[in-house]
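Summary of structural features
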Amino acid sequence: MENLKLRLDTALRLLISARDFSDIPDVAAYADIADQWASGYRDSLEISILDGDYGPRHTEIVDYPKSSLAVRPLARFSARDRLVYDALTFDLAAEIDQHRHTSVYSYRWSHTMHEPMFWYGILDAHEGPGAWCAEA
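The structure contained in this document is the topic of the report that follows. All figures in this text were calculated on a predicted structure; none of them were measured in a lab. (Residues numbered from 1 in each chain as written. Predicted model: local features only at pLDDT ≥ 70, side-chain atom pairs only at ≥ 80, totals over all residues. Heavy atoms only, no water.)

**Considerations on the nonpolar core**
Leu8, Ile33, Trp37, Leu45 and Leu83 are the most contacted members of the largest nonpolar core, which totals 18 residues. Counting residues per element, the ones that place at least two in this core are α1 (4-17), α2 (31-50) and α3 (79-97). In contact with Leu8, not counting residues within four places along its chain, are Trp37, Arg42, Leu45, Glu46, Ile49, Leu83 and Ala87. (Core = buried A, V, L, I, M, F, W, Y, C linked by side-chain atoms within 4.5 Å. Buried < 20%, exposed > 50% of the residue type's maximum accessible area, 1.4 Å probe, protein only. Helix = DSSP H or I, 4+ residues; strand = E, 2+ residues; numbered from the N terminus. Contact = heavy atoms within 4.5 Å.)

**Structural notes on the pattern of salt bridges**
Scanning the model with the defined rule gives 7 salt bridges in all. Measuring nitrogen to oxygen at the nearest pair gives 3.5 Å for the salt bridge that ties Asp53 to Arg57. On the basis of relative accessibility, which here comes to 43%, the residue Asp53 falls in the partly exposed class. Judged by its relative accessible area of 53%, Arg57 is exposed. One salt bridge in this structure joins Asp81 and Arg80, with 3.0 Å as the shortest N-O distance. For the residue pair Asp81 and Arg80, the accessibility class agrees, reading buried in each case. Salt bridges here are not isolated pairs; linked through shared partners, they connect Lys5, Asp43 and Glu46. (Salt bridge = Lys/Arg side-chain N within 4 Å of Asp/Glu carboxyl O.)

**Quick look at the pairing of strand β1 (residues 59-65)**
Relative to strand β2 (residues 71-77), β1 runs antiparallel, the two being bridged by 7 bridges. Within the sheet, the bridge partner assigned to Thr59 lies in β2 and is Phe77. From the end of β1 to the start of β2, which pair antiparallel, there are 5 residues. (Pairing = 2+ DSSP bridges.)

**Here's the deal with the side chain of Ser48**
With respect to the helices, strands and loops of the structure, Ser48 is situated in helix α2. Classification of Ser48 by relative accessible area gives buried; the value is 14%. Those residues in contact with Ser48 that sit more than four places away from it in its chain are Asp53, Tyr54 and Arg80.

**What to know about α1**
Taking 1.5 Å as the rise per residue, α1 with 14 residues should run 20 Å; its terminal C-alpha atoms sit 20 Å apart, in good agreement. For α1, every residue scored as buried is listed here: Leu4, Arg7, Leu8, Thr10, Ala11, Leu12, Leu14 and Leu15. Residues of α1 that are buried sit in contact with α2, α3, β3 (108-110) and β4 (115-117). (Expected span 1.5 Å × (residues − 1).)

What follows is the structure, given as structure tokens:
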């Protein structure tokens, strides 16, 4: 796996930066992981991945309110599992993205930044900043 440290670093950066958008926020805002990252946490994840020991350890299914009468199930990975999942996904994402239709405006891969480009970044790139809300 090429650039695993970089992919793990990107996964952590995106996990922390997206915490405000999470339906189920982390109470510590991932400060515990960020604090231990350079002193061994990233290296332990890298070793686990390279050894093939990276299966999910804990996934929580949460009923998230959809309306006053209905809920939808959300799968919430542990932070460790999310970091591993994202790092592995980033390894495959460029190849997968080349096969997706250009009209797909959800989760896409930035081939220049080597990281995910979320829906708001894609719309801005195609239509200019704020174009998605012009009709609202």
